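Observations on chain architecture
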Amino acid sequence: AAYHRIRRPAVPPMPEEAKPKKLVEPERLTEDLIRRKAEHNEGMLSNLEEIALHQLDIGRIETVNQSCRDLRILLLQANIIPRLENLNRLKKLEYLNVALNNIQKIENLEGCESLNKLDLTCNFIDVEELASVRSLRNNTQLSEMYLTGNPCTQWDGYRAFVVASLPQLQKLDGTDVTRSERIEAVQRLRELERRLAADAERNRLENIQARERRAREGEADANGDAREWCPETRLLDTLEARERKLEQEESRREAQRKDDYLLGIEPDRPRRLFRDDGTPVQMNMGKWPFKIEEKRDEIIVDISFPKFLDTAQIDAEVQPTYVRCTAKGKHIQLCLPDEVNAEASKALRSTTTGHLVIRCPKARPLVEGTKPAPEQLDFQSSLKREQLELSGAVDIRSIVSDNEAAAADPATLAKEAPPPLESDDDFDDDDVPPPLE
């Protein structure tokens, strides 16, 4: 039997309008973003006490736990933060505002020992997670809390349960907690806990069914019907609005570039750090005073940065032939007089003056001989003096005078010899002494 190959028709490509668009990512809470919002503190993070980071489409709490230990007021409202995290090291934090976010549970705040006011308005804390308020029992300084706009507030025993669970609370949702109200809430606590356990389980099952229904139906149908309000819907709406905002900004920048081109305005050229041959360009964009000192085995670079400039804002880089430091987007690049060992270099900053001192050991240090001992120097100096005294030609013929030569003649010596002694009969030339009588 003969088999014929069936050629399938080519599938036309999907039009651009029909392709699903990938939404932009939420804003990340980085050190650079915090510095831009901390202009009132000269961009310093180590002693930052207050920061406002609202309406920035931030998707996660990060960085502040390590970089901003002295924070007292942290404003994070109107973002898309899904959970409370990375706040346990903020021991001085007094006021935390995370209203209008996607938080569904109160957690990870036990380490905030000084927390006095907590604002959780208009989040998604449901009856299922209402019991999570008990995690705030150890926050003894907490006196004011806001939960208005959360689904859990619709439960009829909500206020009494929160007041009885947190005895340190003085104000809830803007209303003072009276003494009689607290006593009554404590008396009803056992009953409220039993009711909450049953209602929370029922609410959990309803939430699971709702999530499954949304997964089947999709976030919105083709007719553009309104979507069910939930954390996923709020996240999607926020990212769509963020994407439109970024497109408008890009369109505005493109229009500005066209106008500059028509007016003959050239765009700012980026500053070149290296020439065409690869050699570094020496520059000082910040106009910071500096000093380079070359020693026998190392090169010391001293840069006078402002005293109150945060050290975390300074990025220092050492290469064999140059040193580059960056602070607040400005570069200082200095060419070194000799090649150095970059890996062994060290940088230290003075907390008093703000100077940054970089010590760079030379790659090929100058080797010198050891210094002679003091006694050796004295011997050498005396030897040099003797050599100077004996320098010049010496006539050996004048060393012995004529009188001394004549005196050395044998005949003369014989005439001048003393007469021999007269012999004595009693003289005994025997070496042995006579015996004693």
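Scope of this entry: the structure provided in the associated data block. (Residues numbered from 1 in each chain as written. Predicted model: local features only at pLDDT ≥ 70, side-chain atom pairs only at ≥ 80, totals over all residues. Heavy atoms only, no water.)

**Concerning the overall build of the protein chain**
What the protein chain contains, in helices and strands, is nine helices and 15 strands. Relative to its full complement of 437 residues, the protein chain shows a buried share of 32%. Taking as baseline every contact in the protein chain between residues at least 6 positions apart, the subset at least 24 positions apart corresponds to 50%. Entry remark: accessible area of the protein chain is about 30300 Å², with carbon and sulfur atoms responsible for 51%. (Helix = DSSP H or I, 4+ residues; strand = E, 2+ residues; numbered from the N terminus. Buried < 20%, exposed > 50% of the residue type's maximum accessible area, 1.4 Å probe, protein only. Contact = heavy atoms within 4.5 Å. Areas by Shrake-Rupley, 256 points an atom, 1.4 Å probe, with all protein chains shown as cover.)

**What about the nonpolar core?**
Core analysis: the biggest nonpolar cluster contains 54 residues, and Leu74 and Leu109 have the highest contact counts within it. Those elements giving two or more residues to this core turn out to be α1 (31-37), α3 (158-165) and α5 (189-217). Among the elements that line this core, the one with the most residues is α3, at six residues. The contact partners of Leu74, leaving out residues within four places of it in the chain, are Ile51, Leu53, Leu87, Leu90, Leu93, Tyr95, Leu96 and Asn97. (Core = buried A, V, L, I, M, F, W, Y, C linked by side-chain atoms within 4.5 Å.)

**Some points on the layout of surface pockets**
In this model, the largest pocket occupies a volume close to 620 Å³. For the largest pocket, the lining is made up of 28 residues, of which Phe124, Asp126, Pro151, Asn207 and Pro231 are closest to its centre. Every element with two or more residues in the lining of the largest pocket is listed here: α5 and α6 (231-262). If you tally residues by element for the lining of the largest pocket, the top one is α5, at five residues. Here the residues of the lining of the largest pocket sort into ten nonpolar, six polar and twelve charged. (1 Å grid on protein atoms, 1.4 Å probe; cavity = no way out; pocket = protein on both sides within 12 Å on 5 of 7 lines; lining within 4 Å. Points joined across faces, edges and corners; volume = space filled by probe spheres on them. Nonpolar A, V, L, I, M, F, W, Y, C, P; charged D, E, K, R; others polar.)

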